[in-house]
Amino acid sequence: MKKTIIASLLLAYLTSGVTSAQAAIEADLQVPSLAYAPSASVNDSGNQASFESWLPSLMQSFDALPEVVAQQARRTQAELRIKAADQAIYNPELGLDYQNASEDSYTLGISQTIDWGDKRGAATRKAQLESEIMLSDISLERSQMLADSIQSLVEQAQNRKAVAFQKQQLVAAKTQFNIAKQQMQVGELSAVELKLIQLDVASKAADYAIAEQASITSDANVLMLLGDSELPFSGFLGALTLPEVSTQVDPELPALKSAYQQVLLAKVTVQQVKADTSADPTVSLNAEREGEENKFGLGISIPLQIRNNYSEALAVASQDIAVAEQTYLARERVLIQQQKKFKLSLPRLTERYQDWRELVLNSGQEAASALGQQWRAGDINTSDYLQSQRQLSSSYLAGLTLETALYQSWLEWMGASGQLESFLQAQLLAQPSHLASHTAAAL
């Protein structure tokens, strides 16, 4: 009778840690059944509230980073380059001559080279394309940086969940060990079983230490990326979407748009080489006074491209087009492979996550209770019972790993393709006006 009562107490202590940890993780995973389908997203009203709780703070910290501020300076620099390129190529030249002779002569002349080859237009078009390339590159950089930042927040949150769970497991194991020592003194428990429980405590202490180490590392990563390790964050699994199944990628994606603009830039560069090497005429007008006689003159000069017709320079620029086109095709191929990997991995990870929720998260308490009943009835020994508890613990931690993998798969694609920033902008615009107005300027 005493053994049955004590076993019940042990079971209560053992299951309390699992139950409270499950309650904590359930509170963080306020998402519906994760059913993903092509061109369909999970519509969860709770996700908007979770974005409101952490996204504005994240964007505020992100936009304050020095590298992000430098991006804004690069935008301004690109605008100034367009204005500089749109200025006139040639300025007029003013000349004045004086000759001291029997009859002094004075000459006043003005000349102007004409931009016959449209150097100004070619330079302006090139500056505009360079500006567009820079904006596409910045958009891609921002998406990749945001993906890294959010992934670090995800890992931090998951590691903190693991720390809380391992701490609860350790507390329950210590309580179990203390009760077991009392039972060995009254002869209700063997010394071998006590040693097994003691080893279980040591194992859980090691697991707790490892979880703490991983949590410290994730805190350091967040601090390094965002300058603050205590930013608010909550899960948004319900907002993860799978794009439409297609064998091609959208050419307007920042990751691909920049490469395509490089092809256009190579073609414009050829036009600029033609313009820069063209023979621009110079028109001059002069007035001369020699003694009592006034003279007027009109002249024109045209460079003769005899010794150098710049054909080699034009050939070099033309080869840049072929290089840019192949670079575009290579980047497109890589992006297509990344998209295929994403479309294959996300549904599979989602299925495994659903299985985990049904078999472990939702049924873990029932399994623990059933094991406890079998142990009280003597159907399983202490060794098997402890091993089963460790399996339940391992299964719970596997769910955290699955969550992290889901986020990582989605963030990798959204960051690599350059879509993440626009997705976050849409989330900010969907917020109440007082929050959206506070963050729209930063974006």
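Just so you know, these numbers come straight off a predicted model, no measurement behind them. Each chain carries its own residue numbering, running from 1 in the written order of its sequence. Totals for whole chains, interfaces and linings use all residues, but because this is a predicted model, local features are given only for residues with pLDDT of at least 70 and pairs of side-chain atoms are given and counted only at 80 or more. Computation of side-chain values: all heavy atoms of the structure, hydrogens and water removed.

*Asks:* Honestly, the side chain of Ser 136 in this entry has me stumped. Any pointers?
*Replies:* Structurally, the position occupied by Ser 136 is in helix α4 (residues 119–185). With a 1.4 Å probe rolled over the protein chains alone, any residue whose accessible area is under 20% of its type maximum counts as buried; one over 50% counts as exposed, and the rest are partly exposed. With a relative accessible area of 7%, Ser 136 lands in the buried category. Among residues more than four places away in sequence, those in contact with Ser 136 are Pro 254, Lys 257, Ser 258 and Gln 261. Here a strand is any run of E in DSSP of at least two residues, a helix any run of H or I of at least four, and the numbering for each starts at the N terminus. The contact rule is simple, with two residues in contact once any of their heavy atoms fall within 4.5 Å.

*Asks:* Can you help me understand the side chain of Thr 282 in this one?
*Replies:* Structurally, Thr 282 is set in strand β5 (residues 282–290). As used in this structure description, the phrase polar contact means that two N or O atoms lie within 3.5 Å; if the pair is within protein, one of them must be able to donate a hydrogen and the other to accept it, and residues adjacent in sequence are counted only when both atoms belong to side chains. Separated by 2.9 Å, the side chains of Thr 282 and Thr 113 make a polar contact. Sequence-distant contacts of Thr 282, defined by excluding residues within four places in its chain, comprise Ser 111, Gln 112, Thr 113, Gly 299, Ile 300 and Ser 301.

*Asks:* Even after reading the chapter, I still don't get unusual backbone geometry, so can you show me in this structure?
*Replies:* What is expected of a backbone is that most residues other than glycine have negative phi and most peptide bonds are trans. Phi is positive for Asp 118, which is not a glycine, with a value near 60°. Note on placement: Asp 118 falls in the loop between β3 (105–113) and α4. The backbone of Tyr 310 shows a phi angle near 60°, a positive value even though the residue is not glycine. Mapped onto the fold, Tyr 310 is located in the loop between β6 (293–301) and α7 (311–361). On the basis of relative accessible area, Tyr 310 is assigned to the partly exposed category, the value being 33%.

*Asks:* Explanation requested: the nonpolar core in the structure shown.
*Replies:* Generally speaking, a soluble globular protein has its nonpolar side chains buried in company with each other. Remark: nonpolar core denotes a set of buried residues (Ala, Val, Leu, Ile, Met, Phe, Trp, Tyr, Cys) joined through side-chain atoms within 4.5 Å. Within the largest apolar cluster, 57 residues are counted, with the highest numbers of intra-cluster contacts made by Ile 150, Phe 236, Trp 410, Leu 420 and Leu 424. When residues of this core are assigned to their parent elements, the largest contribution, twelve residues, is made by α7. Those residues within four positions of Leu 424 in sequence are excluded, and the remaining contacts are Phe 51, Leu 55, Met 59, Leu 146 and Ile 150. Core analysis: the second largest hydrophobic core is formed by nine residues, Leu 170, Ala 180, Leu 189 and Ile 197 among them.

*Asks:* Looking at this model, I keep getting lost on the pattern of salt bridges. Mind explaining?
*Replies:* Opposite charge on two side chains makes pairing possible when the charged atoms of those side chains draw close. Each reported salt bridge corresponds to a side-chain nitrogen of Lys or Arg within 4 Å of a carboxyl oxygen of Asp or Glu. Throughout the structure, instances matching the rule amount to 14 salt bridges. Notably, a salt bridge pairs Asp 280 with Lys 119, separated by 2.3 Å at the nearest N-O pair. Here the residue Asp 280 occupies a position in the loop between α6 (254–276) and β5, and Lys 119 occupies one in helix α4, the gap between them amounting to 161 residues. For Lys 204, the salt bridge goes to Asp 200, with nearest N and O atoms at 2.9 Å. Residue Lys 204 and its partner Asp 200 are located together in helix α5 (residues 191–226), separated by four residues, close to a single helical turn. The residues Lys 204 and Asp 200 share a single accessibility class, namely buried. The structure contains a network of salt bridges with shared partners spanning Asp 63, Arg 142 and Glu 421.

*Asks:* Sorry, what's going on with the environment of Leu 96 here?
*Replies:* Locating Leu 96 in the fold gives a position in strand β2 (residues 93–99). Considered as a pair, Leu 96 and Thr 107 are eleven residues apart in the sequence and their alpha carbons are 5.7 Å apart. When sequence neighbours within four positions are dropped, the list of residues in contact with Leu 96 reads Thr 107 and Leu 108.

*Asks:* Can you walk me through the packing of aromatic side chains in this structure?
*Replies:* Geometry of an aromatic ring pair is reported as the spacing of the ring centres plus the angle between the planes. Any Phe, Tyr or Trp ring, taking Trp's six-membered ring, that has another such ring centre within 6.5 Å forms a pair; planes under 30 degrees apart are called stacked, those over 60 apart edge-to-face, and the others tilted. A complete count under the given rule lists 14 aromatic pairs for this structure. Between Phe 233 and Phe 236, the aromatic rings sit 6.3 Å apart at their centres with planes inclined by 85°, giving edge-to-face as the arrangement. By relative accessible area, which is 1% here, Phe 236 ends up buried. Pairing Phe 342 with Trp 413 gives two aromatic rings, centres 6.1 Å apart and planes at 15°, and the pair type is stacked. In this pair, Phe 342 sits in helix α7 while Trp 413 sits in helix α9 (residues 382–417), placing the two residues 71 residues apart along the sequence. Judged by its relative accessible area of 4%, Trp 413 falls in the buried class.

*Asks:* Quick question: what am I supposed to make of the pairing of β2 here?
*Replies:* One face of the sheet, then the other: side chains in a regular strand alternate in exactly this way. Here β2 lies mainly on the outside; zero of its seven residues are buried. Strand pairing requires that DSSP identify at least two bridges connecting the strands. Pairing of β2 with β3 involves seven bridges; the strand directions are antiparallel. Of the residues in β3, the one forming a bridge with Gly 95 is Gly 109. Adjacent in sequence and paired antiparallel, β2 and β3 are bridged by five residues.

*Asks:* For this particular structure, what's the right way to read α9?
*Replies:* Helical geometry: 3.6 residues make up each α-helical turn, so side chains three or four residues apart lie on a common side. Relative to the 52 Å expected for 36 residues at 1.5 Å per residue, α9 spans 53 Å between its end C-alpha atoms, a close match to the ideal helical length. Directly beyond the C-terminal end of α9, a positive phi value near 85° is found at Gly 418. Residue count minus one, scaled by 1.5 Å, sets the expected span of a helix.

*Asks:* What is the right way to read the packing of α5 against α9 from this model?
*Replies:* Two quantities define a packed helix pair, namely the angle between the helix axes and the distance between the axes. All axes here are fitted lines through C-alpha atoms, helices being fitted over the stretch that makes contact, and every angle between N-to-C directions spans 0 to 180 degrees. Remark: α5 packs on α9, axes separated minimally by 10 Å, with the N-to-C direction vectors making an angle of 15°. On the basis of the axis angle, α5 is roughly parallel to α9. Judged by the twist between their axes, the crossing of α5 over α9 is right-handed. Note on element contacts: α9 touches α5 through Thr 382, Ser 383, Leu 386 and Arg 390, opposite Glu 193, Leu 196, Ile 197, Asp 200 and Lys 204. Here the residues of the contact of α5 with α9 sort into three nonpolar, two polar and four charged. Roughly parallel means an angle under 35 degrees; roughly antiparallel means over 145; roughly perpendicular covers 65 to 115; every other angle is labelled oblique. Crossing handedness is read from the near helix: turned anticlockwise from the far helix by less than a right angle, it gives a left-handed crossing, and turned clockwise, a right-handed one. In the scheme used here, Gly and all other residues not listed as nonpolar or charged are polar, with Ala, Val, Leu, Ile, Met, Phe, Trp, Tyr, Cys and Pro taken as nonpolar and Asp, Glu, Lys and Arg as charged.

*Asks:* Just to check I follow, could you spell out the sheet that holds β5 for this structure?
*Replies:* Whether parallel or antiparallel, the strands of a sheet pair through hydrogen bonds between backbone atoms. Pairing is antiparallel across the open sheet formed by four strands, whose spatial order is β2-β3-β5-β6. Only two strands of the sheet have a single neighbouring strand rather than two, namely β2 and β6. The average angle at which neighbouring strand axes cross in this sheet is 15°, direction not considered. One ladder, built from nine bridges, connects β3 with β5; its direction is antiparallel. Looking at the pairing, Ser 105 lines up with Glu 290 of β5.

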